[in-house]
Amino acid sequence: MTEEIRAAEAAKLLNIGTSTFKRYAKEHKNRDILVVFRYSHKNVTYCKKSVLAFKYANKAEVS
């Protein structure tokens, strides 16, 4: 079972703002790394392991 986290928690892991994380999830060149679970248009969660993989893939950009 994967651990699911909300955008605010993912943003904290990456040390960025929530709106920045949401923009990255939509537009970033490595957005395909993120595993997204969409239960409705308002209920969206992300796989914690994929967020950490995204962080390390973009180490130079996200600090």
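Please give an account of the pairing of strand S3 (residues 44-47) that cites residues and values.
One ladder, built from two bridges, connects strand S1 (residues 4-5) with S3; its direction is antiparallel. Across the sheet, Glu4 pairs through a bridge with Cys47, a residue of S3. With three bridges connecting them, strand S2 (residues 36-38) and S3 associate as antiparallel partners. Bridge assignment links Val36 to a residue of S3, and that residue is Tyr46. What sits between S2 and S3 in their antiparallel hairpin is a turn of five residues.

I'd like a rundown of the layout of surface pockets, residues and numbers included.
Approximately 190 Å³ is the volume attributed to the largest pocket. Mapped onto the lining of the largest pocket, the elements with two or more residues apiece are helix H2 (18-27), S2 and S3. Considering every element that reaches the lining of the largest pocket, the biggest residue donor is H2, with three residues.

If you had to explain the packing of aromatic side chains to someone new, which residues and values would you point to?
In the structure shown here, the tally under the stated rule is two aromatic pairs. Relative to Phe54, the ring of Tyr24 lies with its centre 6.2 Å away and its plane at 50°, an arrangement referred to as tilted. With Tyr24 in helix H2 and Phe54 in helix H3 (residues 48-57), this pair connects stretches of sequence that are 30 residues apart. When its relative accessible area of 0% is taken as the criterion, Phe54 is described as buried.

Reading guide: rules and limits
Residues numbered from 1 in each chain as written. Predicted model: local features only at pLDDT ≥ 70, side-chain atom pairs only at ≥ 80, totals over all residues. Heavy atoms only, no water. Pairing = 2+ DSSP bridges. Helix = DSSP H or I, 4+ residues; strand = E, 2+ residues; numbered from the N terminus. 1 Å grid on protein atoms, 1.4 Å probe; cavity = no way out; pocket = protein on both sides within 12 Å on 5 of 7 lines; lining within 4 Å. Points joined across faces, edges and corners; volume = space filled by probe spheres on them. Phe/Tyr/Trp six-rings, centres within 6.5 Å; stacked < 30°, edge-to-face > 60°. Buried < 20%, exposed > 50% of the residue type's maximum accessible area, 1.4 Å probe, protein only.

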